[in-house]
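# A structural walkthrough
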Amino acid sequence: MTVRGIGIDVCDVDRFRASLERTPALRDKVFTQAESTRDGVLRPIHSLAARFAAKEALAKALGAPAGLEWHDCEVVTEPSGQPRFELRGTVAARAAELGVNSVHLSLTHDAGVSQAMVVLEG
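Here the structure is a predicted model, which means the values were calculated and not measured.

Before going further, it helps to spend a moment on the UniProt feature "domain: 4'-phosphopantetheinyl transferase" (unreviewed entry) in the protein. On the UniProt side, "domain: 4'-phosphopantetheinyl transferase" (unreviewed entry) is annotated at positions that read residues 5-101 here. Here residues 5-101 is 47% helix and 23% strand, with 12 Å between the C-alpha atoms at its ends.

See the structure below:
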């Protein structure tokens, strides 16, 4: 396996909360329904901020090309609690173009900051 890309992003939780309050449509633009909620309840803001950071980190790992659609990468949680991406459409096409066959994702949040790291292998 060869590393095809690495991306990292940090998101200030309070700043992200303010963005969602200022622009309520942003939630639906960036997140799928499954990302926004868990068991029918809205996810906590630090969880949404981590998912936003994950999408940004993935875009960076893919070289940040124009035209990637937010909903074409979805952060899902395994029963074990481990996060992973489901890729489709524009994001899956870019990953295939780079020869990516494995995507690693790590999320964390503490002290008002959410962070994500992505490693692409191929």
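Once that is clear, we can look at the layout of surface pockets. The computed volume of the largest pocket comes to approximately 210 Å³. Lining the largest pocket are 15 residues, with Ser 47, Arg 51, Gly 81, Leu 107 and His 109 sitting closest to its centre. Listed by contribution, the elements that provide at least two residues to the lining of the largest pocket are α4 (45-61) and β6 (102-110). Element by element, the count of residues in the lining of the largest pocket is highest for β6, at five residues. By residue class, the composition of the lining of the largest pocket is five nonpolar, seven polar and three charged.

So, on to the UniProt feature "binding site: Mg(2+)" (unreviewed entry) in the protein. With numbering matched to this structure, UniProt assigns "binding site: Mg(2+)" (unreviewed entry) to Asp 9 and Glu 56. What stands out for the annotated residues spanning 48 residues is how close their C-alpha atoms remain, the widest pair being 6.2 Å apart. Here Asp 9 is to be found in strand β1 (residues 3-12). Given a relative accessible area of 11%, Asp 9 falls into the buried group.

Calculation rules
Residues numbered from 1 in each chain as written. Predicted model: local features only at pLDDT ≥ 70, side-chain atom pairs only at ≥ 80, totals over all residues. Heavy atoms only, no water. UniProt positions renumbered as here; feature names shortened; annotations may be inferred. Helix = DSSP H or I, 4+ residues; strand = E, 2+ residues; numbered from the N terminus. 1 Å grid on protein atoms, 1.4 Å probe; cavity = no way out; pocket = protein on both sides within 12 Å on 5 of 7 lines; lining within 4 Å. Points joined across faces, edges and corners; volume = space filled by probe spheres on them. Nonpolar A, V, L, I, M, F, W, Y, C, P; charged D, E, K, R; others polar. Buried < 20%, exposed > 50% of the residue type's maximum accessible area, 1.4 Å probe, protein only.

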